[in-house]
Amino acid sequence: MIIDLSSNNGVVDFVQLSGVDEIFIRSSLGYGDFDKNLNKNATDADAQGFPVSYYHFAYPHTDPDHAADAAKQANYFVDAIQKLPKFTHLAVDLENFNSQGGDTALNPNDYAIWLKSFLDTVEARTGEKCIIYTYADYLNRHLPDNHKFGEYPLWIANYSHTLNPTLPKGWNKYWAWQHSESGELAGITGHVDLSKTS
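The present account deals with the structure reproduced in this document. This is a predicted model, so every value here is computed, not measured.

Turning our attention to the overall build of the chain. Looking only at helices and strands, the chain has four helices and nine strands in total. Secondary structure elements in the chain, listed N-terminal to C-terminal, are β-β-β-α-β-α-β-α-β-α-β-β-β. On C-alpha atoms alone, the chain measures out to a radius of gyration of 16 Å, which is about the 16 Å that the 2.2 N^0.38 rule sets for 198 residues. For the chain, the C-alpha atoms occupy an extent of roughly 45 × 40 × 35 Å along the three principal directions. One finds the centroid of the 14 positive side-chain charges in the chain at a distance of 4 Å from the centroid of its 25 negative side-chain charges.

Now the structure itself:
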């Protein structure tokens, strides 16, 4: 089982936490904004022996130079985790900015330029191919139909009660499936997202 944590989950008691194979910790949001619980979550999870991974909540902006904006966010992401416990995986979170549906105004071709620059920069800095976390309908709206991102591992969010999640165009398999946003685990107050690998 995989879980993901951010400051939205409050203070986590990792001593009580069990049955978790990997923990994705939000490190950064856009440019200039760290998750306030990043250091504590990472060091406390690592101290209890949990494999630690990190994710960046992307804000694909409409700056004229889309590639440069993406590289700036990717470097900010990598810089944020430099002195933290070694990562198992890295991921980029692609979804609406908020519960009110805030979203990027980039068209599909420009969004693809932004995403490729982000992924290339992370891989150049770390040697790690970034996992893409998203919803099928989100990527279907934002990427051109002929995109080439299917080579990247897909972490798909789908909370409907199905045997298999719907995948976005360009993928025929998923790396992990976030199947619940209402999990309950000892050590975590409130609900937590639950995922499982394929």
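Before going further, it helps to spend a moment on empty space enclosed by the protein. Think of a ball as big as a water molecule: rolled over the atoms, this probe shows where empty space is left. Inspection of every chain in the model, using the stated rule, returns one cavity of 30 Å³ or more. Estimates place the volume of the largest cavity at around 40 Å³. Lining the largest cavity are Leu139, Asn140, Leu143, Pro144, Asp145, His147, Pro168 and Lys169. Broken down by class, the residue content of the lining of the largest cavity amounts to four nonpolar, two polar and two charged.

Approximately 520 Å³ is the volume found for the largest pocket. In terms of lining, the largest pocket is formed by 26 residues, of which the most central are Asp4, Asn8, Tyr55, Glu95 and Asp193. Of all the secondary-structure elements, those providing two or more residues to the lining of the largest pocket are strand S1 (2–5), strand S2 (22–29), strand S4 (52–57), strand S5 (90–94), strand S8 (176–183) and strand S9 (192–197).

All right, on to helix H1 (residues 38–47) then. Along an α-helix, residues three or four positions apart point the same way, because every turn accommodates 3.6 residues. Those residues of H1 not exposed but buried are Leu38, Asn41, Ala42 and Ala45. Each buried residue of H1 sits inside an arc of 95° when the element is viewed along its axis, so together they form one side. Residues of H1 that are buried in the fold lie against S1, S2, strand S3 (33–34), S4 and helix H2 (66–80).

On to the pattern of salt bridges, then. Pairing between side chains of opposite charge can happen when the charged atoms of each approach one another. Taken as a whole and assessed by the stated rule, the structure comprises nine salt bridges. Residue Arg141 pairs with Asp103 through a salt bridge whose shortest N-O separation is 3.7 Å. Pair noted here: Arg141 is in helix H4 (residues 136–142) and Asp103 is in the loop between S5 and helix H3 (108–126), with a separation of 38 residues, a long-range link. Taking the relative accessible area as the measure of exposure, Arg141 reaches 44% and is therefore partly exposed.

Counting 51 residues, the largest nonpolar core has Ile3, Ile23, Tyr54, Phe118 and Ile132 as the members making the most contacts within it. Once you skip the residues sitting within four places of it in the chain, Ile3 turns out to touch Leu17, Val20, Glu22, Ile23, Phe24, Leu185, Ile188, Val192, Asp193 and Leu194.

The subject of this paragraph is the pairing of S8. One ladder, built from three bridges, connects strand S7 (residues 154–157) with S8; its direction is parallel. When the bridges of S8 are listed, Trp155 appears paired with Ala176. Sheet topology places S8 next to S9; five bridges connect them, and they run antiparallel. Of the residues in S9, the one forming a bridge with Gly183 is Val192.

Reading the values: rules and limits
Residues numbered from 1 in each chain as written. Predicted model: local features only at pLDDT ≥ 70, side-chain atom pairs only at ≥ 80, totals over all residues. Heavy atoms only, no water. Helix = DSSP H or I, 4+ residues; strand = E, 2+ residues; numbered from the N terminus. Rg over C-alpha atoms; globule rule 2.2 N^0.38 Å. Lys, Arg positive; Asp, Glu negative; His and termini not counted. Charge placed at Lys NZ, Arg CZ, Asp CG, Glu CD. 1 Å grid on protein atoms, 1.4 Å probe; cavity = no way out; pocket = protein on both sides within 12 Å on 5 of 7 lines; lining within 4 Å. Points joined across faces, edges and corners; volume = space filled by probe spheres on them. Nonpolar A, V, L, I, M, F, W, Y, C, P; charged D, E, K, R; others polar. Buried < 20%, exposed > 50% of the residue type's maximum accessible area, 1.4 Å probe, protein only. Arc of directions from axis to C-beta. Contact = heavy atoms within 4.5 Å. Salt bridge = Lys/Arg side-chain N within 4 Å of Asp/Glu carboxyl O. Core = buried A, V, L, I, M, F, W, Y, C linked by side-chain atoms within 4.5 Å. Pairing = 2+ DSSP bridges.

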